[in-house]
Structure formats: structure tokens, C-alpha cells
Amino acid sequence: MNVENVRRDFPLYERRFNGSPPIYTDSACVTLKPNQVIGAMSRYYREFPACAGRSSHALGREVSEEVKRAREAVRKFIGAGRPEEVIFTRNTTEGINLVANSLKLGNGDAVLTSDKEHNSGLVPFLLLEKKGVRHKTFQFGDLGDFEKKLTGDVKLVSTAITSNLDGTSQPAKEMAALAHGNGSLVLLDGAQAVPNRKTSVKELDADFLAFSGHKMLGPSGTGALYGKLDFLKALNPFMVGGGTVKNSTQEDFEMEDVPERFEAGLQDYAGILGLAEAVKYLQRIGMENVERHEQELNGYLSKGLAGPGMAILGDADPKSRGGVISFNIEGIHHHEVAGILHESANIMIRSGMHCAHSWFNSHSMDGSARISLYLYNTKEECDAIIEAIGKIKRLI
Amino acid sequence: MICILALIVFGVLGIFSATHREMALEAFDCVFRRVTLRKCDSGLDRRLKSQITGKLMAKNPAVARLAFRHFELISWFFTILFVASTVYAGIGGYNYYLYGNCNGPNEDGFCIFDPLGSNSKFSAAQADESCSAGPQERGELTLDGVNVELFPRIDRNAANDVVFIGCYACPYTRQSYPAIRELLARDDVDFAFAHLPVKEDIRAASDILNCVNEAGSGKFVEFNDELFSADASVLENEDGLLDAVGRIGLDREAIRQCSHSERIQNLTRLQISEIRKTGIYGTPTVFVNGEAVVGPKPLRVYARLLK
Ligand SMILES: Cc1ncc(COP(=O)(O)O)c(C=O)c1O
């Protein structure tokens, strides 16, 4: 993978902030978008800005055809068996909510999540508690604890493969096997996994997998939910309307097939086409190359940053943290670190609780500064970060 | 501390822009929390601190370090500075309202509300060629012992006394005239006009004024209206002055002869010496109920001194 070639695809790098291109390292939140993705979206608006499915004119047929191809591209990318198993959503959050609210969970059932979930993987289940569904947690990454908590009442295990907070991952495949052995369904939050390494639903044997397009070069507000066909068919769609029924009378309706029954209302066709283009882009680069690049940079950066006063969250070995370095510098608040990096060196990082308040609160911490690297980041950028953080440390 | 500063600054900017309005609200929330002894949790203080430190770091790491380490202290310093200058500006504004100048009655230092100082200029009362203000002894200004009855007057037996000392040819007297004219039109004001011919060549105007005043009560006001609106160049020759006499319907020849009379010239001389007794150092000087106001002020400044 040639990073310089990759960077040429990203128009943001043409922008100048105080005379130089930005050092963007907030990709765990949203990645930059290559020209190819922008082009695919604009193609929809220019060439066939119409409805899919409902309209039989030429434009409508074209959109339907393109959406079908997009679904196929995403299917292939996550190693799903059939395109119908891919539901387009707006993001990971929507995917998790869809499952949480469509599964037939009730009094006495329990949902098991880790203690390090993003709010999107936690709050939907806290809300279900009001309906009598119990919510239990296990320690993220701890198989022993997981097994212990995996009791007979657990109908659903919902957890992130990779934490957005520190980049560490769980043995999702083993966990899925254990859960299935217990008769529980498995919903994996792939928001931080799918963009960064090869993720196959077949191999993981996940029943559901939710992820976001905007964290993997795709347009903002795009995502997908994978579900095994039989399980999808058994779900009770909770958001219905146009596009989700075949027919209706004043009294009743006939549900559409899967996946359309879950895609209520007019869809973001441009986004869907952009997402498919993003997936193709990543496949061209090769997910193993993306992963290797992130690991190399993370190794280099973690080494450069290590030293007194620097506390990196998560696993000490950068190899198991993907592209994420979540850290605190003693004596300087993480918001200040982020602010100073931005003002002094155009380095854009995230600071705060990264939507994982529950974990920080239970550890009596008020957040961290987080660098998240992606395929377009370079060693030179890491050098700039190391230098700038060195200067920040000298402030105290 | 920085939040208080931010609140005030963004509050003012917020009048003009919506983004600043939001920041002002955030600052307000922050100040409110601090006042109620809670933590400011909007992160505004941190954001400002890091922005400032970051900007400095790119230029001078040592200064950045200083700013970062002593941020709270520096914010205090600027806040106090800011509050103090706001108070000063407030006092200045108040003075400007009362006296037409930020620095107090008859002061002429720089005033932000009147940056050109046009409310505070005056012409030197000692005769010289140009009417320009030179360095002057400035004593107390008073009407004590001055015989106001010597001057052209409108006596309505009213509650207020206004004595307007000015010179036809001097620019600041001319500038003040419209406001004075409005004062004079009020029926609760007794008015006297003391002409001080600061330039020798307009002394004739004083003589003619005295004759006009004798020719009919209140005629001097019409004459003043003419002269203050006429081009200043006509004031320097008798013909120009007499033309004005003609325009207000008086016999120019009779007035000319009157103005050359010994009696009138003595009166003028006497008037000038009476005017000097006030301690005048510049025109216009207006006494409103005995209180002196020097320089052309907005009407409100004079009106405020009325009963
Ligand atoms: C692990 C994880 N889960 C869920 C989400 C929510 O993603 P989205 O906001 O795209 O729905 C994120 C986003 O940061 C995430 O990192």
C-alpha cells in the first residue's frame, strides 16, 4: 500500500490550515472521504436522482439496480451468504436499536453486554429494562467473566468487537461460540472492527453485525446491519411504513420481504452508493494492508510517545490496539491536550469520554485524549504528533 | 475567571453574531456555575486556555509555558483590567452625557465618545488674529459682580438665567449657536448675549449689536440669527454687518451712525471689561444658572442645568 497514492484520493488534504494540510487523526469518529466515494454520491444526484423500487421508469430502475449492486458489494465485504442479509441503516446505532427493539424480548429475559460499550451499545438495553428485560455486564475482553455471566436467561449477547475507547478487541469468535452454546443470540457492534480489519460474519458466526459507513471512508449517516436470514425473518420490525409493506387495507397490511421490511421510508440512495464505493475502495487496498499499516503506525507512535507522565489506555502492546492511542498526560487535561495540538500544529484528535461515559464513570476518570489512525496517516504525521506532544509535556 | 471575561466579550460580540451569542450563553452558564460554587463543566475555560496556549506555542514556547502555568492568574489580571476599564468607560459615558465630555465639566482631554473633541474646543478669549485656542490661564469662571444688564437680553422673569458669551467670528461659538438658539426659545429662560470681539476687526459688530438692541426689544436675536448663519467673511467689514441690519428691517444708516457714537463705543468697552470679570478663557462660554460650560456642547448638557 502506497500511502502517498492513497492520500491523493482524499480532497481534504488539499485544504490548508495555517498554511499546511491538517493532520487528521479522529478516524474512529469519522474518516475522511476519497474522491471515489464523493463521485459515486454525486453520480446518483446527477444521473438518476430518483426512487428505487417504487417507480418503474428508467431512472427508478437504474437506482434499484445500483442499490442491489451496493448490497452485493457490502455482502461480499463482510462475507455474508446472501445480499438479503444486509440491511442499510444510517449508522451502527440504528442497527443496534433495530435488533434491540425488534427481537422478542420480554420479562425475565436478559441481555449481556460488556462494561466498555459505546452508548449506542448500552443505552438501547437500559431502555429495555423498563420493559422488564434485565441488563447484565461482563468485563470487556475477559472470556472467563463472560462465561460466568452467560446464564440461561441471557437471550442476547450484544457487544463491541473492538472498543472505540482504547482500540482493544475481544475474541468475538470464541464468545459467539460460547453464546450459541448457551442458546443466546449474538449481536456484534462492528463500528470499530469492520473499518480496520477483515471481518467475516461467517467466520465469526455472528447472528447480527452492525457497523457504520462513515467510519470506513463512506458517506456520513450510512451504515448496515447484517443478520442471519432466518433471524431477520423472525424479527418484529419496529419502524414501518413506506417500502416495508407489499400491500395494505384499512385494517391490515402484508409485510415486505427481508431486507426491505426493515428499510422504512425513502432511503439515502446517494449514501448507499457511496458506501458501496467505500467498500470497494477498501477491498482494492486490501483490509490486511489497512490493518498492517495501522499497526505499524501505532507501534511507531506509541513508542515515540512513551515516557514519564504518559498513560496509554488499554493493552500495552500497540498491535492489539488497531489504530487507536487513547491517553492522558499527567497534569494536563485531555481537552487541553486536544486544543493545544489543534492550535499549535493542526493536529485533530478527539478528547472526552468518546460516548463511553459508563466506563469512564465507573473508573472515576473524566475522559482521555484519543488519536485514531487510518490508512491515510503517515509516519511523518506521527513524528509531528510526537514532537507536539513533547512540547505539551514541557508546558508543565 | 476567564469565563467572566468571555461572558462580557462574547456578550458584546453576540449582539452582532449568532456564534458569539452561543459562546456568551456558554460563558454565562460557566459563570453561573462558578458563582454557585460548582464546576464549570462546559469546558469553555479549558477550550480558551488551550486555544491561547496552542497559538502561543506555535510562536514562542516559553511564553506559552508561562501562559499555561499561570492561566488563572492572568485571567484574573485581565478580568480586573477589563472590569476597571469598563467602569472607567461607564464613568466616561456618564460624563459625556452630563458635560459633553468624558472627563468632566469643561475638561478637554481625549474622549472616546467625542474623539475629535468637537464638544470641548473653544477659541481663546484673548484677542489674536485667528481665534485659535492658545495656552490659557484657567481660573474659576463666575458671574459674580458682573452686570448682566449691560448686555442685550430677553427678560421673561423666568426661572432660569442663561448668559451666552461668544464671538461672531469664532468657529466654536458659531458651532454652539443652534443649541443656544433652542435654549433661548424656551419660555422658562431669561437670556443675555454678551458679545466678546476677540478679534479687533469685529469690534464694530459689538457696536452695531448694541444699536440693534436699542432699536427694538428682541431685535438682537434676529441680528444674531443673521450673523451666525452668514459667511464669517462679511463680519470683518461694516458694510457686511449693515447688510444684515437691513435684512432684519432696520434702517442701516441710522444704525451706522448710532454705532459710531461715543456713547455706544463706551458701552461696548464697558461690556468687554464686564466680560473679562468672569475669568473667561475661551468662547463660547455659557453660564446656565451661574454654572459655566465652555465649548460647543450638545443641547442636553445645557438643558440639564436648567431648573
Ligand atoms: C464501538 C462503537 N459503537 C457504536 C458507535 C456508534 O456509531 P454511529 O454513531 O455511527 O452510530 C461507535 C461510534 O463511535 C463506536 O465506536
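Because the structure is predicted, anything quoted here is derived from the model rather than measured.

Colleague: Break down the sheet that holds strand E11 (residues 310–312) of chain A for me, citing the residues and quoting the values.
Modeller: Residue and element names in this part refer to chain A. Strand order in the open sheet formed by four strands is E11-E12-E15-E14, with antiparallel pairing between adjacent strands. Whereas interior strands pair on both sides, the edge strands pair on one side only; in this sheet they are E11 and strand E14 (350–352). Here the average twist between neighbouring strands, direction ignored, is 30 degrees. Taken strand by strand, helix H12 (residues 334–345) contacts strand E12 (324–329), E14 and strand E15 (368–372), and its axis lies near 160 degrees from that of E14.

Colleague: Can you break down the domain arrangement of chain A residue by residue, with the values?
Modeller: Bring the parts together and some accessible area is lost; that lost area is often taken as the interface size. Residue and element names in this part refer to chain A. Examined at the domain level, chain A breaks down into domain 1 (3–32 + 286–395) and domain 2 (37–284). Taking only C-alpha atoms, the centre of domain 1 and the centre of domain 2 are 28 Å apart. Facing 35 residues of domain 1, the contacting portion of domain 2 comprises 29 residues. Taken together, the two surfaces of domain 1 and domain 2 that pack against each other cover about 2,400 Å², and 54% of this comes from carbon and sulfur. Where domain 1 meets domain 2, there are zero salt bridges. Between the two partners, domain 1 and domain 2, sit 15 residue pairs in polar contact (both at pLDDT 80 or more).

Colleague: A description of the pattern of salt bridges should follow, citing residues and the corresponding values.
Modeller: Using the criterion set out here, one finds 31 salt bridges over all chains in the structure. Between A:Lys155 and A:Asp109 there is a salt bridge, and its shortest N-O distance comes to 3.6 Å. With A:Lys155 in strand E5 (residues 154–160) and A:Asp109 in the loop between helix H4 (92–102) and strand E3 (110–114), this residue pair connects regions lying 46 residues apart in the sequence. Judged by its relative accessible area of 14%, A:Asp109 falls in the buried class. Of the charged contacts in the structure, one is a salt bridge between B:Glu253 and B:Arg256, with a shortest N-O distance of 2.9 Å.

Colleague: Would you mind going over the site of the ligand in detail, with residue names and values included?
Modeller: Residues and elements named next belong to chain A. Around the ligand, a shell composed of 14 residues is seen, among which Thr-93, Asp-189, Gln-192, Ser-212 and His-214 lie nearest. Between His-118 and the ligand, the recorded distance is 3.4 Å, taken from a side-chain N or O atom to an oxygen atom. The contact in question runs from an oxygen atom of the ligand to an N or O atom on the side chain of Lys-215, over 2.7 Å. Across the complex, the protein chains shield 90% of the 390 Å² of accessible surface that the ligand would expose by itself. For the shell around the ligand, the residue count by class is two nonpolar, ten polar and two charged.

Colleague: Give a description of the state of the cysteines that names residues and reports values.
Modeller: Evaluation of the coordinates by the stated rule reveals two disulfides over all chains. Through a disulfide, B:Cys211 is tied to B:Cys258; the S-S separation comes to 2.0 Å. Of note, the bridge from B:Cys211 to B:Cys258 carries an S-S torsion of about -90 degrees and is left-handed in sense. With B:Cys211 in helix H7 (residues 203–215) and B:Cys258 in helix H10 (residues 252–260), this pair connects stretches of sequence that are 47 residues apart. With no disulfide of its own, A:Cys29 has A:Cys355 as its nearest cysteine by sulfur position, at a separation of 7.7 Å.

Colleague: So, the environment of A:Lys149: which residues are in play, and what are the values?
Modeller: Residue and element names in this part refer to chain A. On the secondary structure map, Lys-149 appears in helix H6 (residues 143–149). Among the residues examined, Lys-149 registers a relative accessible area of 26% and is labelled partly exposed. Between the C-alpha atoms of Lys-149 and Val-324, which are 175 residues apart in sequence, the distance is 28 Å. Setting aside its immediate chain neighbours within four residues, Lys-149 contacts Leu-112, Lys-136, Thr-137, Phe-138 and Val-154.

Colleague: Help me get a handle on the packing of helix H8 (residues 219–229) of chain B against helix H9 (residues 238–247) of chain B, residues and values and all.
Modeller: If you want to describe how two helices pack, look at the angle between their axes and the distance between the axes. All names here are of chain B. Across the interface, H8 lies against H9 with an axial gap of 9 Å and an inter-helix angle of 130 degrees. Accordingly, the angle class assigned to the pair H8 and H9 is oblique. The two elements H8 and H9 meet at a crossing, and its hand is right-handed. Contacts between H8 and H9 pair Phe-223, Glu-226 and Leu-227 from the former with Leu-241, Ala-244, Val-245 and Arg-247 from the latter. Class assignment of the residues belonging to the contact of H8 with H9 gives a composition of five nonpolar, no polar and two charged.

Colleague: Before we move on, can you summarise the nonpolar core with the specific residues and values?
Modeller: In this structure, B:Tyr168, B:Phe191 and B:Phe223 are the most contacted members of the largest nonpolar core, which totals 64 residues. Leave out the neighbours within four places in its chain, and B:Phe223 touches B:Tyr168, B:Ala205, B:Ile208, B:Leu209, B:Val212, B:Leu241, B:Ala244, B:Val245 and B:Ile248.

Colleague: Go over the pairing of strand E4 (residues 189–195) of chain B with me, naming the residues and quoting the values.
Modeller: All names here are of chain B. Within E4, seven of the seven residues are buried, which leaves it mostly tucked inside the rest of the structure. Relative to E4, strand E2 (residues 153–154) runs antiparallel, the two sharing two bridges. Across the sheet, the residue bridging to Ile-154 is Phe-191, located in E4. In this structure, strand E3 (residues 160–166) lies alongside E4, joined through seven bridges in parallel fashion. Residue pairing across strands places Ile-165 opposite Ala-194, the latter belonging to E4. Note on the crossover from E3 through helix H6 (residues 171–185) to E4: the handedness is right-handed.

Thresholds, definitions, all that
Residues numbered from 1 in each chain as written. Chains lettered and ligands numbered in written order. Predicted model: local features only at pLDDT ≥ 70, side-chain atom pairs only at ≥ 80, totals over all residues. Heavy atoms only, no water. Pairing = 2+ DSSP bridges. Helix = DSSP H or I, 4+ residues; strand = E, 2+ residues; numbered from the N terminus. Axes fitted to C-alpha atoms, helices over the stretch in contact; angles between N-to-C directions. Contact = heavy atoms within 4.5 Å. Domains from an automatic or database assignment. Buried area = accessible area lost by both parts, 1.4 Å probe. Salt bridge = Lys/Arg side-chain N within 4 Å of Asp/Glu carboxyl O. Polar contact = N/O pair within 3.5 Å; in protein donor to acceptor, adjacent residues only side chain to side chain. Buried < 20%, exposed > 50% of the residue type's maximum accessible area, 1.4 Å probe, protein only. Near = heavy atom within 4 Å. Areas by Shrake-Rupley, 256 points an atom, 1.4 Å probe, with all protein chains shown as cover. Nonpolar A, V, L, I, M, F, W, Y, C, P; charged D, E, K, R; others polar. Disulfide = S-S within 2.5 Å. Parallel < 35°, antiparallel > 145°, perpendicular 65-115°, else oblique. Left-handed = near helix turned anticlockwise from the far one by under 90°. Core = buried A, V, L, I, M, F, W, Y, C linked by side-chain atoms within 4.5 Å. Right-handed = clockwise from strand over helix to strand, strands pointing away.

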